[in-house]
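What follows is each chain in one-letter form.
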Amino acid sequence: MHLQVRCLPKSSPADVEKALRKVKNAGINLVGIGGSDLEFGGELALVPEEGQEDALMSALAAYHPRLLDVDDPESGLTLCIVGHRSGGLHDCLVDTARVNIDRGRIIRDILVGVPNADQQSRNEVPVHIYSEPVKIAVDLND
């Protein structure tokens, strides 16, 4: 789970069910899903089962999806494999926030995924944190 597909689930009116129906009809298994304000212009974040990324991109082509990769620092996507313990998610957020300061980003949303068999055996949970660039107002009079 190192990739995430993001799209605006808008038809007219916005309808998440229609986007997810396309995923279902394509036979794609999701191991993570999140987002906010989905039917008010927000972005839907989906994590397909490994190897189904291209199929998901094709299924959602009408929604102009974009593929984010945790290995690309410019994507804004961070993957934490969080131990099932008190403070695990907090530690992940703190680490991400520290990196974000240097990259000029802030956290937009968090997606908690379904652990694969190996992660389950180690009592771990995959977490995606998506961060966007900070928009800074500049005083042009200085």
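For the structure itself, look to the data block above.
In this text, all values refer to a predicted model and were calculated from it rather than measured experimentally. Positions within a chain are numbered from 1, following the residues in the order the chain's sequence is written. Residue-level local features of this predicted model are given only where pLDDT is at least 70; pairs of side-chain atoms are given and counted only at 80 or more, and the full residue set underlies all totals for whole chains, interfaces and linings. The basis for every side-chain value is the complete set of heavy atoms in the structure, and neither hydrogens nor water enter the calculation.

*Asks:* What exactly am I supposed to notice about unusual backbone geometry here?
*Replies:* Excluding glycine, residues mostly have negative phi values, and the peptide bonds linking residues are mostly trans. Unusually for a residue other than glycine, His 64 sits at a positive phi of about 55 degrees. Helix and strand labels come from DSSP, where a helix needs a run of H or I of at least four residues and a strand needs a run of E of at least two; each type is numbered from the N terminus. By secondary structure assignment, the location of His 64 is in the loop between helix 2 (53-59) and strand 4 (66-69). For every residue, the accessible area (1.4 Å probe, protein chains only) is compared with the maximum for its type, and the residue is labelled buried under 20%, exposed over 50%, or partly exposed between those bounds. His 64 sits in the exposed class, given a relative accessible area of 68%. One non-glycine residue with positive phi stands out, namely Asn 123, at about 60 degrees. Note on placement: Asn 123 falls in the loop between helix 4 (117-121) and strand 7 (124-133). Residue Asn 123 is classed as partly exposed on the basis of its relative accessible area, which comes to 47%.

*Asks:* Any chance you could explain the state of the cysteines here in plain terms?
*Replies:* Disulfide: a covalent bond connecting the sulfur atoms of a pair of cysteines. Note on disulfides: each one is a pair of cysteine sulfur atoms within 2.5 Å. Inspection of the entire model under this criterion finds one disulfide. One disulfide in the model links Cys 80 with Cys 92; its S-S distance is 2.0 Å. Here Cys 80 and Cys 92 share a disulfide; its torsion about the S-S bond, 85 degrees, makes the bridge right-handed. With Cys 80 in strand 5 (residues 77-83) and Cys 92 in helix 3 (residues 88-103), the pair connects residues that are 12 residues apart, well separated along the chain.

*Asks:* I'm lost on the sheet that holds strand 4 in this one. Help?
*Replies:* Taken together, four strands build an open sheet; the order of strands is 2-3-1-4 and the sheet is antiparallel. A strand with exactly one partner marks an edge of an open sheet, and here the two such strands are strand 2 (30-35) and strand 4. The mean angle between the axes of side-by-side strands here comes to 25 degrees, regardless of whether they run parallel or antiparallel. When DSSP finds two or more bridges between a pair of strands, those strands are recorded as paired. Here the axes come from fitting lines to C-alpha atoms, over the contacting stretch only for helices, and the angles between their N-to-C directions go from 0 to 180 degrees.

*Asks:* Explain helix 3 here, please?
*Replies:* It helps to recall that an α-helix has 3.6 residues per turn; residues three or four apart then point in one direction. Take the number of residues in a helix, subtract one, and multiply by 1.5 Å to get its expected span. Across its 16 residues, helix 3 extends 23 Å between first and last C-alpha, which sits within 8% of the 22 Å expected from 1.5 Å per residue. All of the buried residues in helix 3 are Gly 88, Cys 92, Thr 96 and Asn 100. Here the buried residues of helix 3 occupy an arc of 100 degrees about the axis, which is enough to place them on one side. In helix 3, the exposed positions angled more than 90 degrees off the buried face are occupied by His 90, Arg 98, Ile 101 and Asp 102. As used here, the arc is the angular range of directions from the helix axis to the C-beta atoms.

*Asks:* How do you make sense of the pattern of salt bridges when you look at a structure like this?
*Replies:* Between side chains of opposite charge, a pair can form when the charged atoms approach closely. By convention in these notes, a salt bridge is any Lys or Arg side-chain nitrogen within 4 Å of a carboxyl oxygen on Asp or Glu. Tallying each qualifying case throughout the model produces eight salt bridges. One salt bridge in this structure joins Arg 108 and Glu 132, with 2.9 Å as the shortest N-O distance. One end of the pair, Arg 108, is in strand 6 (residues 105-112); the other, Glu 132, is in strand 7, with 24 residues separating them in the sequence. Ionic contacts of the salt-bridge type, sharing partners, join the residues Arg 6, Glu 43, Arg 66 and Asp 109 into one network.

*Asks:* Which parts of the structure should I look at to understand a nonpolar patch on the surface?
*Replies:* Exposure above 30% relative accessible area and no salt bridge define the residues that can form patches, which grow by joining like charges within 9 Å and nonpolar side chains of Val, Leu, Ile, Met, Phe, Trp and Tyr within 5 Å. For the area figures, the Shrake-Rupley method with a 1.4 Å probe applies, and any residue is considered shielded solely by the protein chains shown. A surface patch of nonpolar side chains, amounting to about 290 Å² of accessible area, comprises Leu 89, Ile 107, Ile 110 and Val 112. Ranked by residue count, the leading element in the nonpolar patch is strand 6, at three residues. Note on placement: Leu 89 falls in helix 3. Among the residues examined, Leu 89 registers a relative accessible area of 35% and is labelled partly exposed.

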